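# Structural overview for review
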Amino acid sequence: MTTGAEPVDEQSDPGLSAIMGERRRLINLGYRLLGSLSDAEDVVQETYARWYAMSPQEQRAIEVPGAWLMTVAGRICLNLLGSARARRETYVGEWIPEPLPEPTEWITGRPGADGIDPADRVTLDESVTMAFLVVLDAMTPAERVAFVLHDVFRYPFGEVAEIVGRTPAACRQLASSARRRVRTARTPAGPEAGQAAIVRRFRTAWEAQDVDALIGLLDPAATATADGGGLAVTHLHPIVGGERIARAYVRIARLAGHRTTYAECTVNGRPGLVARQGGDVATVFAFGVVGERIERIWAVRNPEKLRPWQTT
């Protein structure tokens, strides 16, 4: 989907600064809808390619360029969500959204990222936590687009309808259905400091291969899901049950040995862990912590989803 559009010189195009100023919102939209940084970047590039494929006269006829860009990006994402369902049928193992590094924002890992423009960042909030993205992924494409545009980006249903291709009333029903899914799946999360303490204790018990301590930290009905995408060795199906997870993770620690190190980090705005082997990030772990127990573990090992982490 990446295009070969020529870069535009800001001096030759005075409107470039305003247009490129929308990049941040477009990246934010693309990541929340697709759960993938690389796909979000492709959507933004394709959106800008369509803008610059128009003549100057056509561009000037658009009253609100930012709204036009968001509409085009939303439609591209909607199409991608439809095709993604077909691709998932051949995906090896479980699919987990691409994890985001950094405590408050994501910065692309392109070469020369030291002076990256703020427009290339994804703002982290509840709508990009791993738990939230997993719920979004279970929605239909239309539900997901309607909900994210209205509830996250505050677009009126009349504008959402233009993107989704349905009536405002239908979009209102889609968003309401999505909202019910979110309410059903949402669990009360404690303070971030408390969550970080639980993750820290999990790391300590895991490194010590202390099965009993791990069982004490895991909810009896906890679930651990891993995503290797067929490119990294991992368990293909979710592990259900705190004791089963504890014993499985101790086996992992024994196999990994001293060549693997674990560090606390922020994953999608929540306390998580990163495992490194030989200096490279091998796995990123996100956690769903409720009270004093871990209810969910998401382990991303697919190297294609870990590229931004290799530069952090």
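Relevant structure appears above.
Residues numbered from 1 in each chain as written. Predicted model: local features only at pLDDT ≥ 70, side-chain atom pairs only at ≥ 80, totals over all residues. Heavy atoms only, no water.

So, on to the overall build of the chain. Of the regular secondary structure elements, the chain holds 12 helices and eight strands. Looking at the chain as a whole, 48% of its 312 residues are labelled buried. In the chain, once contacts between residues fewer than 6 apart in sequence are set aside, the share between residues at least 24 apart is 63%. Of the roughly 15,100 Å² of accessible surface on the chain, a fraction of 52% belongs to carbon and sulfur atoms. (Helix = DSSP H or I, 4+ residues; strand = E, 2+ residues; numbered from the N terminus. Buried < 20%, exposed > 50% of the residue type's maximum accessible area, 1.4 Å probe, protein only. Contact = heavy atoms within 4.5 Å. Areas by Shrake-Rupley, 256 points an atom, 1.4 Å probe, with all protein chains shown as cover.)

Buried within helix H6 (residues 130-137) are the following residues: Met130, Phe132, Leu133, Val135 and Leu136. Contact partners of the buried residues in H6: helix H2 (23-34), helix H7 (141-152), helix H9 (168-185), strand S7 (280-290) and strand S8 (293-300).

Scanning all chains against the criterion turns up nine aromatic pairs. With a centroid separation of 5.4 Å and 65° between ring planes, the pair formed by Phe202 and Phe287 is classed as edge-to-face. Residue Phe202 is located in helix H10 (residues 192-207), and its partner Phe287 is located in strand S7; the two are separated by 85 residues in the primary sequence. Look at Phe287 and you get buried, because its relative accessible area is 6%. Consider the rings of Trp206 and Tyr262, whose centres lie 4.5 Å apart with planes at 40°: the pair is tilted. Separated by 56 residues along the polypeptide, Trp206 in helix H10 and Tyr262 in strand S5 (residues 260-267) bring together distant segments of the chain. Take Trp206 and Tyr262: they sit in the same class, and that class is buried. What links up through ring pairs into an aromatic cluster is the set Phe202, Trp206, Tyr249, Tyr262, Phe285 and Phe287. Taking NZ or CZ as reference, Arg88 lies 3.6 Å from the ring centre of Trp95, over its face. (Phe/Tyr/Trp six-rings, centres within 6.5 Å; stacked < 30°, edge-to-face > 60°. Lys NZ or Arg CZ within 6 Å of the ring centre and 35° of its normal.)

Its place among the elements puts Arg87 in helix H5 (residues 65-88). For Arg87, the residues in contact, after removing those within four places along its chain, are Asp39 and Leu80.

Counting 50 residues, the largest nonpolar core has Leu29, Tyr31, Val145 and Phe147 as the members making the most contacts within it. If you list the elements that add at least two residues to this core, you get H2, helix H3 (37-53), H5, H6, H7, helix H8 (157-164) and H9. Broken down by element, the residue count for this core peaks at nine residues, all from H5. Ignoring sequence-local partners within four residues, the contact set of Phe147 consists of Phe132, Leu136, Met139, Val152, Ala175, Ala178, Arg179 and Val182. (Core = buried A, V, L, I, M, F, W, Y, C linked by side-chain atoms within 4.5 Å.)

For the structure on display, the rule yields 12 salt bridges. Between Arg200 and Glu264 there is a salt bridge; the shortest N-O distance is 3.1 Å. Of the two residues, Arg200 sits in helix H10 while Glu264 sits in strand S5, which places them 64 residues apart along the sequence. For Arg200, a relative accessible area of 40% translates into the label partly exposed. Glu264 sits in the partly exposed class, given a relative accessible area of 33%. (Salt bridge = Lys/Arg side-chain N within 4 Å of Asp/Glu carboxyl O.)

For the rest of this paragraph, the subject is the packing of H8 against H9. One way to put it is that H8 packs onto H9 with a least axis distance of 8 Å and a crossing angle of 95°. Put simply, H8 runs roughly perpendicular to H9. Side by side, H8 and H9 meet where Phe157, Gly158, Val160, Ala161 and Val164 of the first sit next to Pro168, Cys171, Arg172, Leu174, Ala175 and Arg179 of the second. (Axes fitted to C-alpha atoms, helices over the stretch in contact; angles between N-to-C directions. Parallel < 35°, antiparallel > 145°, perpendicular 65-115°, else oblique.)

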